[in-house]
Amino acid sequence: MPLLDRRGRVSFAVPVLVAAGLTLTFGAFFQMRAANREAERSQHERQFAQFHDALTERIGSHALLLRTLRSAFSDPRPATRDGFSAAVRPIMPLYPGLWSVAWVSRVPAAEVPALEAAMRAAGRRDFAVRDAGETGDGVPGTAPPASQGDLFVNTLMEPERGGAFGQGINILSLPNRAEVLARACASGDLTATEALPPRPRGEAGRSIGLYLPVYRYPVDEMDGADRCAEVAGYVSSVFGIARLLEEAGNRVDGLHGAVYLLDGPAGAGGRVLASRDLAVPSANQEGVPFGELRKDGEAVLERDLVIGGRRWTLVLAIPPEPRLAPMDYPAWIVVAMGLLLTGALAGYTRREAQAKRFLVTEARARAAMARALRESEERFRMALRHSRVAVFSLDRNLRYMWMYNPQTGRAAETFIGRTNTDIHAPDDAARLDAVKRSVLDTGTGSRQEVRVGAAPGKEQVFDLIVEPLRDDAGVVSGVICAAIDISDGVRIREALAEAHAEAERANRAKSRFLAAASHDLRQPFQAMSLFHHILSARLSDAKQLEVAGKLGEAIAAGNTLLNTLLDTSALEAGNVKPRPTVFPFQDIADRLNREFAEQASGKGMVLRMVPTSAYVLSDPVLLERMVRNLLVNALRYAETGTILLGCRRRDGHALVEVWDTGPGIPADQLKLIFDDFYRCGTDQRDSGRGLGLGLSIVRRTAQILGHQVDVRSRVGKGTVFSISVVMVGDRHNPLPEEPTTSVASA
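Residues numbered from 1 in each chain as written. Predicted model: local features only at pLDDT ≥ 70, side-chain atom pairs only at ≥ 80, totals over all residues. Heavy atoms only, no water.

- Per an unreviewed UniProt entry, the recorded name for the chain is histidine kinase, and the organism is Azospirillum brasilense.
- Here the chain is described in UniProt, under the heading Catalytic activity (unreviewed entry), as follows: "ATP + protein L-histidine = ADP + protein N-phospho-L-histidine." (UniProt positions renumbered as here; feature names shortened; annotations may be inferred.)

1. Overview of the confidence of the model for the chain
Moving on, step 1. For the chain, per-residue confidence averages 77 on the pLDDT scale, and residues scoring 70 or more make up 78% of the total.
Moving on, step 2. For the chain, the element scoring lowest by mean pLDDT is strand β1 (residues 3–4), at 52; strand β19 (residues 581–584) scores highest, at 91.
Moving on, step 3. Low confidence marks residues 134–147, where pLDDT is under 50. Its contacts with residues over four positions away, or in another chain, come to 31 contacts.
Moving on, step 4. The model gives residues 683–688 a pLDDT under 50, and that stretch makes 5 contacts with residues more than four places away or in other chains. (pLDDT = per-residue confidence, 0-100. Helix = DSSP H or I, 4+ residues; strand = E, 2+ residues; numbered from the N terminus. Contact = heavy atoms within 4.5 Å.)

2. Some words on the state of the cysteines
Moving on, step 1. Under the definition given, this model contains 1 disulfide.
Moving on, step 2. The side chain of Cys 185 participates in a disulfide bridge whose partner is Cys 228; the two sulfur atoms lie 1.9 Å from each other. When the S-S torsion is 75°, as for the bridge of Cys 185 with Cys 228, the disulfide is right-handed. Residue Cys 185 is found in helix α4 (residues 177–187), and its partner Cys 228 is found in helix α5 (residues 224–229); the two are separated by 43 residues along the sequence. (Disulfide = S-S within 2.5 Å.)

3. As for the pattern of salt bridges
Moving on, step 1. This structure, assessed with the given rule, holds 22 salt bridges.
Moving on, step 2. Residue Glu 624 is joined to Arg 628 by a salt bridge in which the shortest nitrogen-to-oxygen separation is 3.0 Å. Of the two residues, Glu 624 and Arg 628 are both situated in helix α16 (residues 620–638); the distance of 4 residues between them amounts to about one turn of the helix.
Moving on, step 3. One network of salt bridges, with partners in common, ties together Glu 179, Arg 183, Glu 194 and Arg 310. (Salt bridge = Lys/Arg side-chain N within 4 Å of Asp/Glu carboxyl O.)

4. Observations regarding the side chain of Ser 236
Moving on, step 1. With respect to the helices and strands, the residue Ser 236 is situated in strand β9 (residues 231–240).
Moving on, step 2. Here Ser 236 falls in the buried class, since its relative accessible area comes to 7%.
Moving on, step 3. Not counting the four nearest positions on each side in its chain, Ser 236 is found in contact with Leu 66, Ser 100, Val 101, Ala 102, Val 104, Leu 210 and Tyr 211. (Buried < 20%, exposed > 50% of the residue type's maximum accessible area, 1.4 Å probe, protein only.)

5. Re the sheet that holds strand β12 (residues 299–307)
Moving on, step 1. Strand order in the open sheet formed by 4 strands is β11-β10-β13-β12, and the pairing between neighbours is antiparallel. Bordering the open sheet on either side are β11 (272–276) and β12, each of which pairs with just one other strand. Neighbouring strand axes in the sheet, compared pairwise and without regard to direction, differ in orientation by 20° on average.
Moving on, step 2. The pairing of β12 with strand β13 (residues 310–318) spans 9 bridges and is classified as antiparallel. Across the sheet, residue Val 300 finds its bridge partner in β13, namely Ala 317.
Moving on, step 3. Its contacts with the sheet put helix α6 (residues 241–250) on β10 (258–262), β11 and β13, and the angle it makes with β11 is roughly 35°. (Pairing = 2+ DSSP bridges. Axes fitted to C-alpha atoms, helices over the stretch in contact; angles between N-to-C directions.)

Set out below in structure tokens:
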């Protein structure tokens, strides 16, 4: 039904509001969606750039290795086998993708017998200069123009290998090596081979060889041909491409998609040399044109990768995003919220328009009333129209004299001249009259929360404000009241209270369950510890013993965490009953000193125990557990310095104290450290420092025993925890008079 304005004309406010709301909603949706997609693509580009930089850095590290070795071979003295091994072996573990490092020496053909004799005399009896074709691998190549008649032989290699790529091989007999060595000696810089097929010794994937020339004399002023004449040899390395991609990928978090290294541009039929794709094994993709692997809708990012003068293409293939991607959830939420808001505003506008039309009709019906009264009533109605307040007044007999209640459909005239007994149930009327009668008798206003049964099975709650109404002489002639309907708020409050009570009951039930099931929960850890001990006794291999040791540490850590949780649950469930007795505290101190002295020494700390003669009244088991938790806490967080355990008298009590010289606790966290799962100054995900329940157990145990636990600390100086225990005497005096021990000076 179309809306009419006050002049009776059709109003288009609601359609215009709906159209504007839908336009803004879907405009915001498409804008947010485009922004999210652009942000996602930018993130892919950043991650791909990081991957490219990481890969370039890894390749650069291989080049740096060869440049470092070149400086060693520039020495006029010939390199020895031991010197080469000593220089290369320590650094090879730093390059997981590095297959081999070799020294390729330039040897005139006439000096080959002398080289073979020298190598055999040095301990390599099977050393022989040969072409790769003699072993069935490779095709003999041609020497560079400046090196006719000379051979380039692998004389030193780490690790030592045989076969076509091993020691004694003439590098010129390998495919394309003559062209690679010629470019390297002419440029004086690092030169790379084409991607090599898998090695015959079983290394997975393709590899790249790098060659760096070493000259006999400085060649900065020479041209290419003259430079090649002065080459003494080459330092070379071979590294796996796939492993290099894996190393670069491990340094980039969240890389989405598959990375391919191609021998040419992706759009020009480049073939896959290596790939890093978890969905498809890399071995099945080598040599396949990238166009055959690309999927429909897949985005592709390309970057050139230059290695030793050769150019490859690095490609990131990003799978297409689904229509309802997680990145679009905020945009869809905006759509939902926009539609809801548009509907709510349209409904509100329509309701407001109808309300205004009703008010206009009512105003016309009352046009004959006195102007002053009309203005007064309009101001009053405007103030109360949208509130949940009913205003009324009663005389001394508690009869309604005036009523304004806009929240109900009941006319005010039905209240005038009647009492609460005529309107409400007897119990409700008695409660209402009691509040108002008190104000009539005392002349002092009152405010209370009252409940009234509006209908069978339905109850309303009002915030009732009653003030005295006085005549001209100041005598109380009645009361004026305001009743605010707070039924919804009270129901919400009661529901929240019930939900809180239910949560408390569930928590107590959980604690009782854990406390009751503690034996069943601990038994598997005990069994695992037994089996671990049996297994360790039967192992002899060092690596297996190391794994078994780590397994034992994991079992011990899990058992400790489980015991802490079960102890906390037992304290919460009330299953721990203290058994106080009189005993010397020194017994506890001696046991804890023996238990923790070695642990403190293992961490480079010192544990000191000050002897005491105090006799205390407490549960020895629970008190020892409290002090043990404080010592564990000190060992865990202090890390260095000294820990002191002592007991001294104060005001008829024994003050058990644990001092440490650790980092201290900030003042704003002193009250928080006893909360469950709170770990001061620690990454909350670091399980190596416990669950944060040690001090919580100390607090709960102290409550059970009736002891007081205090802490004081200075940041950078240390922390002192103290437990106040009832002291009944010592070994020398029946009652404590003088301090038995002082740790303040420590």
